[in-house]
Amino acid sequence: MDEEFTGYDADEYSVTATEILEHMFCPRFTYFETYLRIPEHQEKRFKVQAGRSVHEEKARINPRYLREKLGCRDRKSNVYLSSPKGIRGVVDEVLFLEDGGAAPLDYKYAVYKDRTFKNHQLQLTFYGRLIRDHYGVPVERGVIVYTRSRNKLVEVPLTEKMYAALDRAIEEILAVVRRGIYPEPTSSKLRCPDCCFKNICESVI
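It should be emphasised that the depicted structure is a prediction, and the values quoted were computed from it without experimental measurement.

Let's talk about the packing of helix 5 (residues 118-135) against helix 6 (residues 160-179)
- Where helix 5 meets helix 6, the closest approach of the two axes is 10 Å, and the angle between their N-to-C directions is 90°. The angle between the axes of helix 5 and helix 6 places the two elements in the roughly perpendicular class. Mapping the contact onto sequence places Q121, L122, T125, F126, G128, R129 and R132 in helix 5 and E160, M162, Y163, L166 and D167 in helix 6.
- A per-class count over the contact of helix 5 with helix 6 returns five nonpolar, three polar and four charged.

Quick look at the layout of surface pockets
- There is about 180 Å³ of room inside the second largest pocket.
- In terms of lining, the second largest pocket is formed by 15 residues, of which the most central are C26, C192, C195, K198 and C201.
- Mapped by element, the contributors of at least two residues to the lining of the second largest pocket are helix 2 (27-35) and helix 7 (198-204).

Considerations on the nonpolar core
- Counting 31 residues, the largest nonpolar core has V15, I20, F126 and I131 as the members making the most contacts within it.
- Sorting the residues of this core by element identifies helix 1 (17-25), strand 1 (72-83), strand 2 (87-97), helix 5, strand 4 (141-146), strand 5 (152-157) and helix 6 as the ones contributing at least two each.
- Ranked by the residues each element gives to this core, the list is headed by helix 6, at seven residues.
- Not counting chain neighbours up to four residues away, the residues in contact with I131 comprise L81, V91, V94, A102, A103, P104, G136, V137 and V139.
- Judged by nonpolar contacts, the second largest core, of nine residues, contains Y31, F32, V176 and F197.

What to know about the packing of helix 1 against helix 6
- In the contact formed by helix 1 and helix 6, the axes pass within 10 Å of each other and the chain directions differ by 90°. Considering the angle they form, helix 1 stands roughly perpendicular to helix 6. Contacts from E19, I20, H23 and M24 of helix 1 reach helix 6 at L166, A169, I170, E172 and I173.

Brief notes about the packing of aromatic side chains
- For the structure shown, the criterion picks out nine aromatic pairs.
- For the pair F32 and F197, a centre-to-centre distance of 5.5 Å together with 35° between the ring planes defines the contact as tilted. Highlighted residues: F32 in helix 2 and F197 in the loop between helix 6 and helix 7, separated in sequence by 165 residues.
- For F197, a relative accessible area of 2% corresponds to the buried category.
- Through a chain of ring-to-ring contacts, three or more aromatic side chains come together here, namely F29, Y31, F32, Y35, Y182 and F197.
- The cationic tip of R132 hangs over the ring face of Y163; the distance from NZ or CZ to the ring centre is 4.0 Å.

Considering unusual backbone geometry
- Despite not being glycine, D114 shows a phi value in the positive range, around 65°.
- By the secondary structure assignment, D114 is in the loop between strand 3 (102-108) and helix 5.
- In this structure, N151 is a non-glycine residue whose phi angle is positive, near 55°.
- Looking at the secondary structure, you find N151 in the loop between strand 4 and strand 5.

The rules behind these values
- Residues numbered from 1 in each chain as written.
- Predicted model: local features only at pLDDT ≥ 70, side-chain atom pairs only at ≥ 80, totals over all residues.
- Heavy atoms only, no water.
- Axes fitted to C-alpha atoms, helices over the stretch in contact; angles between N-to-C directions.
- Helix = DSSP H or I, 4+ residues; strand = E, 2+ residues; numbered from the N terminus.
- Parallel < 35°, antiparallel > 145°, perpendicular 65-115°, else oblique.
- Contact = heavy atoms within 4.5 Å.
- Nonpolar A, V, L, I, M, F, W, Y, C, P; charged D, E, K, R; others polar.
- 1 Å grid on protein atoms, 1.4 Å probe; cavity = no way out; pocket = protein on both sides within 12 Å on 5 of 7 lines; lining within 4 Å.
- Points joined across faces, edges and corners; volume = space filled by probe spheres on them.
- Core = buried A, V, L, I, M, F, W, Y, C linked by side-chain atoms within 4.5 Å.
- Buried < 20%, exposed > 50% of the residue type's maximum accessible area, 1.4 Å probe, protein only.
- Phe/Tyr/Trp six-rings, centres within 6.5 Å; stacked < 30°, edge-to-face > 60°.
- Lys NZ or Arg CZ within 6 Å of the ring centre and 35° of its normal.

This is the structure:
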């Protein structure tokens, strides 16, 4: 398991937001899907399809009245960014603020339930890191629009502690992909029944 991966140029590999979320779900997800390149077939999962549908439908959503509340002086939509940290992705919207900073805005096909889930916070932090590294401006908050709650806008603080946790996760993923490190599984066994790699995970151990 320590052999160098040769399926693609591992040194040129960069991490996406989806891969960060999968890694936080279970680090072995990274090993099976990204290092060994075993297909996940996630297109068959309803939750994934529902999540994707908002990106297809958001062109019909016009939350301009919400953005005006944020002190937004300019914005860019569907912005592809990459970072020397070894990450890349498309930000739904980059909001440039009157205070000289910026903020990622992300649309979620979800109902707001009085709190922001950790995976949503992590994804915003990921986009915040891309914006910070690309534009060289402070990114101290992010914004989520919950489309199934009448486009409710929720602001999320992005702290240095959150950025540090993200950077550690990026380093862990790159270690798996570039050096073939076989990681420990998730500490939450409740996640295992919903994992598409559950039938091969223990057989590899």
